[in-house]
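# Architecture at a glance
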Amino acid sequence: EAGVALLKGLKAIGFSTVVATPHMRPGMFENDRAALERAYARMQPILAAEVGLPEVFLASEHWFDDTVYARLRAGEGLPYPAKPGARLRGVLVEMNPQGFPPQLPRTFVELRRKGLFPVIAHPERYQPVWKDDGCLDPLLDAGARLLLDICSIVGKYGRAPQRAAEKLLEDEAYEAACSDAHKPEDLDDVAHAV
């Protein structure tokens, strides 16, 4: 019921397509590709019975540690749906908000060799970006793209992420934006941000 309510609310705000990106984060969210695909398949009859919902696809928000990176390299992650004719697929990644691993640009280049380009979830919420968004340049040079959590621009996560989001928006650094809505109660913030 919560999933359907969330989708109805996103449709009312203006979303025609939703890509569900449940977390894949060992030790916190013990999801893997197979479990997420099973849950998505179980939801399909429920979604089909509803009228007027957005189109729904499945991907994952991958916590970028050694375990999940190995899954991505082995083809066991859940990238965004492939666009027709696209050579690469986007894969949503999230890191520790306190800092980026030192070898991250090289790791991102290796992902590209596997046919994936990293999409960094909510870069405005990473503490190094608050001080100097130039820290993202090596990641962008390695092929990463940035995904704005639109609720950042209305201060949901505090003033520092809001300022960082405003600056990155002004610099046209984002590839796309997302709701980052996890439950129907998030819809008011999403609507306000839109």
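Scroll up to find the structure.
One structure accompanies this document, and this report is about it. This is a predicted model, so every value here is computed, not measured.

Quick look at the nonpolar core now. Formed by 38 residues in total, the largest nonpolar core has its most connected members in Phe-64, Met-95, Phe-100, Phe-108, Leu-111, Ile-120 and Leu-139. Ranked by the residues each element gives to this core, the list is headed by helix α1 (residues 2-13), at four residues. Beyond its immediate chain neighbours, meaning those up to four positions away, Phe-64 contacts Tyr-69, Leu-72, Val-93, Glu-94, Met-95, Leu-104, Thr-107, Phe-108 and Leu-111. Among the nonpolar cores identified, the runner-up in size contains eight residues, and Leu-88, Leu-92, Ala-121 and Leu-147 belong to it.

Turning our attention to the sheet that holds strand β2 (residues 23-24). Picture the strands of a sheet paired through backbone hydrogen bonds; they go either parallel or antiparallel. Strand order in the open sheet made by the six strands is β2-β4-β5-β6-β7-β8, with parallel pairing throughout. Looking at the sheet topology across the chains shown, the edges are occupied by β2 and β8 (176-178). In this structure, strand β7 (residues 145-149) lies alongside β8, joined through three bridges in parallel fashion. Among the inter-strand pairings, Leu-148 is bridged to a residue of β8, identified as Ala-177. Contacts from helix α4 (residues 104-113) reach β5 (89-94) and β6 (116-121), with the element oriented near 135° to β6.

Our focus in this paragraph is unusual backbone geometry. Even without being glycine, Glu-172 reaches a positive phi, approximately 55°. Take Glu-172: its relative accessible area is 71%, and that puts it in the exposed class. Phi at Asp-180 takes a positive value of approximately 55°, unusual for a residue other than glycine. Among the secondary structure elements, Asp-180 is positioned in the loop between β8 and α8 (187-193). By relative accessible area, Asp-180 is classed as buried at 16%.

Every buried residue of helix α3 (residues 66-73) is accounted for by Val-68, Tyr-69, Arg-71 and Leu-72. Each buried residue of α3 sits inside an arc of 155° when the element is viewed along its axis, so together they form one side. On its buried face, α3 sits against β2, β4 (61-63), β5, α4 and β6.

Definitions and limits used
Residues numbered from 1 in each chain as written. Predicted model: local features only at pLDDT ≥ 70, side-chain atom pairs only at ≥ 80, totals over all residues. Heavy atoms only, no water. Core = buried A, V, L, I, M, F, W, Y, C linked by side-chain atoms within 4.5 Å. Buried < 20%, exposed > 50% of the residue type's maximum accessible area, 1.4 Å probe, protein only. Helix = DSSP H or I, 4+ residues; strand = E, 2+ residues; numbered from the N terminus. Contact = heavy atoms within 4.5 Å. Pairing = 2+ DSSP bridges. Axes fitted to C-alpha atoms, helices over the stretch in contact; angles between N-to-C directions. Arc of directions from axis to C-beta.

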